[in-house]
Amino acid sequence: AIGANVAFMLNRCHSVPRGARVDVLLDTWFADYATLEKHHGWVQWVLPTAERSAFNPLASPLTAAEVRFILDDLRAAARVVECLRLFFNFVGYELRPDDDAVVRSRNHAARAFNMQARKHNFLRITRALKCASRLGFHRYAMRFAERLTADAGDGGTLWCVQRALR
């Protein structure tokens, strides 16, 4: 039997609570910032980690067997990359898998403002970094962390995290 995270990445089950299958999330929630901000259950499914979520007890922690499956399954691995793209867009960045770059999106300033106004999004960033690293996408985690660090520098758009990086 496959675990809940694999089933989700294979588009076989809905995220819970009040969620959707991964393909629906990727197709209809991309850039739907109001839905992504107010719905707190999606991120634990789109960005699974080994830790049990304090915010969504219905999401399953990512197991070692699920990691191996996702790494070996091209469909599941591709969906993980698309999930990272969805999340990066949500916080004002664009993932370019063709050259492994993470760059500011066109609406970066507005998304950075939203992120700083709603501090729980920094927990979501931590989740994204853990998920990408655990599922073998270290290069995306590294590029995202580098971009965040650059944007948190003096005069950067993420001024509220400057102290955390010192």
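A few points on the structure.

## Observations regarding the nonpolar core
Step number 1: With 45 residues, the main nonpolar core has W42, L84, F87, F137 and F144 as its most contacted residues.
Step number 2: No other element matches the 10 residues that helix 6 (residues 74-90) contributes to this core.
Step number 3: Setting aside its immediate chain neighbours within four residues, F137 contacts A77, V80, V81, L84 and A132.

## Quick word on unusual backbone geometry
Step number 1: For the peptide bond that leads from V16 to P17, omega is 5°, which places it in the cis range.
Step number 2: Mapped onto the elements of the fold, P17 is located in the loop between helix 1 (4-9) and helix 2 (22-28).
Step number 3: Positioned with a positive phi, N11 is a non-glycine residue whose angle comes to about 70°.
Step number 4: Within the fold, N11 resides in the loop between helix 1 and helix 2.
Step number 5: A positive phi angle is found at A31, which is not glycine, with a value near 70°.
Step number 6: Note that A31 resides in the loop between helix 2 and helix 3 (33-38).
Step number 7: Overall, A31 belongs to the partly exposed group, its relative accessible area being 37%.

## What to know about the packing of aromatic side chains
Step number 1: Evaluation of the coordinates by the stated rule reveals seven aromatic pairs.
Step number 2: A centroid spacing of 5.9 Å and a plane angle of 85° characterise the contact between W42 and F90, whose relative ring orientation is edge-to-face. With W42 in helix 4 (residues 42-46) and F90 in helix 6, this pair connects stretches of sequence that are 48 residues apart.
Step number 3: W42 sits in the buried class, given a relative accessible area of 0%.
Step number 4: Positioned over the ring face of Y33 is R111, at 4.0 Å from the centre of the ring.
Step number 5: Between the NZ or CZ atom of R139 and the centre of the ring of Y140, over which it lies, the distance is 4.6 Å.

Criteria and cut-off values
Residues numbered from 1 in each chain as written. Predicted model: local features only at pLDDT ≥ 70, side-chain atom pairs only at ≥ 80, totals over all residues. Heavy atoms only, no water. Core = buried A, V, L, I, M, F, W, Y, C linked by side-chain atoms within 4.5 Å. Buried < 20%, exposed > 50% of the residue type's maximum accessible area, 1.4 Å probe, protein only. Helix = DSSP H or I, 4+ residues; strand = E, 2+ residues; numbered from the N terminus. Contact = heavy atoms within 4.5 Å. Phe/Tyr/Trp six-rings, centres within 6.5 Å; stacked < 30°, edge-to-face > 60°. Lys NZ or Arg CZ within 6 Å of the ring centre and 35° of its normal.

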